[in-house]
Amino acid sequence: MAPHAGRWQRVPLIPQSRHATANEMDAVAAAPPPQGPVPPPVYSSLIDEWQALGRTLPGIPDREWDALVSRPIWPGR
């Protein structure tokens, strides 16, 4: 029978091979932030049209929704 048979063994959530070294961390910190992808022209024109109509746009907070969820659940209490 193996030693420690039947005992629990702690297993790390991140394997040692996945831990970044100090040099890798420095390279990530020094890299410029990624630029967002440029949407294709058909989507750009659609977003411009929706924005002109005051509609909700993907990736932009919705002011009406924020106002609704910030109200108390039970008014008057």
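Residues numbered from 1 in each chain as written. Predicted model: local features only at pLDDT ≥ 70, side-chain atom pairs only at ≥ 80, totals over all residues. Heavy atoms only, no water.

The next thing to look at is the overall build of the chain. When its secondary structure is counted, the chain shows 3 helices and 0 strands. Going residue by residue from the N terminus, the α and β elements of the chain occur as α-α-α. Scored against the burial criterion, the 77 residues of the chain give a buried share of 1%. Accessible surface computed for the chain: about 8,100 Å², of which carbon and sulfur atoms make up 61%. (Helix = DSSP H or I, 4+ residues; strand = E, 2+ residues; numbered from the N terminus. Buried < 20%, exposed > 50% of the residue type's maximum accessible area, 1.4 Å probe, protein only. Areas by Shrake-Rupley, 256 points an atom, 1.4 Å probe, with all protein chains shown as cover.)

For an α-helix, the turn length of 3.6 residues means that residues three or four places apart are oriented alike. For helix 2 (residues 41–52), which comprises 12 residues, the first-to-last C-alpha distance of 16 Å matches the rise-based estimate of 16 Å (1.5 Å per residue) to within 8%. The positive-phi residue at the C-terminal boundary of helix 2 is G54, with phi of around 80 degrees. (Expected span 1.5 Å × (residues − 1).)

Turning next to helix 3 (residues 63–70). Where burial is concerned, little of helix 3 is hidden: 0 out of the 8 residues are buried. Two to three positions downstream of the cap, the backbone nitrogen of E64 sits 3.3 Å from a side-chain oxygen, assigning the N-cap of helix 3 to D62. (Polar contact = N/O pair within 3.5 Å; in protein donor to acceptor, adjacent residues only side chain to side chain.)

This paragraph deals with a nonpolar patch on the surface. Together, V42, Y43 and L46 make up an exposed nonpolar region whose accessible area comes to about 280 Å². Residue placement: V42 occurs in helix 2. Accessibility expressed as a relative area gives 54% for V42, which makes it exposed. (Patch = residues over 30% accessible without salt bridge, like charges linked within 9 Å, V, L, I, M, F, W, Y side chains within 5 Å. Salt bridge = Lys/Arg side-chain N within 4 Å of Asp/Glu carboxyl O.)

So yeah, pure geometry; function would need other evidence.
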